[in-house]
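If you want the building blocks of each chain, they are given just below.
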Amino acid sequence: MNVVNPFKDKVFRMAKRLLVSTEEAEDATQEVLVKLWNKNESLEDYNSLEALAMTMTKNYCFDQLKSKRATNMKIVHNNFTDREASLQQKVEDSDSMSWVEKIINALPEQQKLIVQMRDIEQYEFEEIAKILDMSEATVRVALSRARKTIRENMTKTHNYGIG
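Attention here is on the structure that accompanies the text. Everything numeric in this text was worked out from a predicted model, so none of it was measured.

Concerning the overall build of the protein
A tally of helices and strands in the protein yields seven helices and zero strands. Written out in order from the N terminus, the α and β elements of the protein read α-α-α-α-α-α-α. Taken across its 163 residues, the protein has 39% of its residues classed as buried. Within the protein, residue pairs in contact and separated by at least 24 positions form 65% of the contacts whose partners lie at least 6 positions apart.

Some points on the side chain of Thr-55
Looking at where Thr-55 falls in the secondary structure, it is placed in helix α3 (residues 49–68). Looking at Thr-55, its side chain comes within polar contact range of the main-chain oxygen of Ala-51, at 2.8 Å.

Description of a negative patch on the surface
Together, Glu-23, Glu-26, Asp-27 and Glu-31 make up a region of like negative charge exposed at the surface. Looking at the secondary structure, you find Glu-26 in helix α2 (residues 22–38).

Cut-off values and rules
- Within every chain, residues take consecutive numbers counted from 1 along the sequence as written.
- Side-chain atom pairs in this predicted model are given and counted only at pLDDT of 80 or more, local residue features only at pLDDT of at least 70, and totals for whole chains, interfaces and linings cover all residues.
- Note: side-chain values were computed over all heavy atoms of the structure, leaving out hydrogens and water.
- Working definition: helices are DSSP H or I runs of at least four residues, strands are E runs of at least two. Numbering for both runs from the N terminus.
- Burial classification: accessible surface area is computed with a 1.4 Å probe over protein chains only, and a residue below 20% of its type maximum counts as buried, one above 50% as exposed, and the rest as partly exposed.
- Contacts: residue pairs with any heavy atoms within 4.5 Å of one another.
- Pairs of N or O atoms are called polar contacts if they sit within 3.5 Å, as long as, within protein, a hydrogen donor faces a hydrogen acceptor (for residues adjacent in sequence, only side-chain-to-side-chain pairs).
- The patches described consist of residues with a relative accessible area above 30% and no salt bridge, like charges being joined within 9 Å and nonpolar side chains (Val, Leu, Ile, Met, Phe, Trp, Tyr) within 5 Å.
- Method for areas: the Shrake-Rupley scheme with a 1.4 Å probe, in which residue coverage is limited to the protein chains shown.
- Any carboxyl oxygen of Asp or Glu that lies within 4 Å of a side-chain nitrogen of Lys or Arg is treated as forming a salt bridge with it.
- A residue counts as positive if it is Lys or Arg and as negative if it is Asp or Glu; His and the chain ends are not included.
- Here the site of a charge means NZ on Lys, CZ on Arg, CG on Asp, or CD on Glu.

What follows is the structure, encoded as structure tokens:
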């Protein structure tokens, strides 16, 4: 029975966002999946196997980052636009995404993770709260602050043409 297959892509995407390097993200994904596989018999005790996997991924990646003292994390969302658009529209979309990426990168670590999990991975507040060991209210407040920061910075960028 392959219990981890349905969310291994989410594990990889979270690891990729935190570690940036595809190779490191693949290593992290493999490490987490092996740990889950080794726990196979005791996994029935967990309500949400996916939440456990995401928590393990977050912790593993943070350990990796601490050991490297890497502070240069980057969030890249390559699927910003799938539609066929004019060259001008593509340039504008790319520019906007680039600004959003820069703004998100400047957010505090916790807000960055919450934006990633809620707005990109589409997790429910309850799941995010469980994974990050926070109350749902705290998650909502952090997300609200992060979105406000992103909105304010994007408004400045569009109004003045610079960040």
